[in-house]
Amino acid sequence: AEQDVQLPDGRIIEGYLKAHAPPYAVIFALDSANRVVTIEEYKHGPGRVVVHLPAGYMELGEDPMLAAQRELLEETGYEAPNWTLLGVFCQDGNREMGWGHCFLATGARQVTAANHNDLSDIRTVLLTPAELKKAIYGGRVAVADIVACIMLGLDAVNNGLPADDDM
């Protein structure tokens, strides 16, 4: 959609393009052995099979945490008792492209088989934090918002969540 944008200094930019996409949830889930629940699947943006976190679009009016819990269960068959919001971020600083809600889930355990609906060749893979970092730096994680959620999750696990007075 085109918009006229007024910058903080008062200048107007006419016809600025903004792209809307639905909000979505991304889940950094750890099992009891501190392995990260990831999936390997084909993603058309990078054009190859990549390591990815469970993620998906929220339904209209859906609570972000409920969407995250639904996506984790659908894509991996895992549930987790402990959930923390790590942050909400727009995907593109110039055009928006949707808001991602990044969650940390701990104590994850498989309770059922994954339900991939019509998608095939999606595989759940448990990776240690070291293996996941190696996958990032080795180019196997190819989607920027997934990298961001992984790094936030690793930081939260290693250093704890910041207190309100730390921010």
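Residues numbered from 1 in each chain as written. Predicted model: local features only at pLDDT ≥ 70, side-chain atom pairs only at ≥ 80, totals over all residues. Heavy atoms only, no water.

Peer 1: Would you mind going over the state of the cysteines with me for this structure?
Peer 2: Should the sulfur atoms of two cysteines be covalently bonded, the bond is a disulfide. The final tally for this structure, using the stated rule, is one disulfide. Paired through a disulfide, Cys 102 and Cys 149 show a sulfur-sulfur distance of 2.2 Å. Residues Cys 102 and Cys 149 are joined by a disulfide whose S-S torsion is about 90 degrees; by sign, that bridge is right-handed. Placement of Cys 102 in strand β9 (residues 96–110) and of Cys 149 in helix α3 (residues 144–159) is noted, with a sequence separation of 47 residues between them. With respect to burial, Cys 102 and Cys 149 carry one shared label: buried. Distance from the sulfur of Cys 90, which forms no disulfide, to the nearest cysteine sulfur (Cys 102) is 14 Å. On the accessibility criterion, Cys 90 (30% relative accessible area) is partly exposed. (Disulfide = S-S within 2.5 Å. Helix = DSSP H or I, 4+ residues; strand = E, 2+ residues; numbered from the N terminus. Buried < 20%, exposed > 50% of the residue type's maximum accessible area, 1.4 Å probe, protein only.)

Peer 1: How should I be thinking about the pattern of salt bridges in this particular structure?
Peer 2: Where side chains of opposite charge bring their charged atoms close, a pairing between them can arise. The full count for this structure, using the stated rule, is nine salt bridges. When the shortest N-O distance is used, the salt bridge between Arg 140 and Glu 40 registers 2.8 Å. Of this pair, Arg 140 sits in the loop between α2 (129–137) and α3 while Glu 40 sits in strand β4 (residues 36–43), and the two are 100 residues apart along the sequence. What makes Arg 140 partly exposed here is its relative accessible area of 38%. (Salt bridge = Lys/Arg side-chain N within 4 Å of Asp/Glu carboxyl O.)

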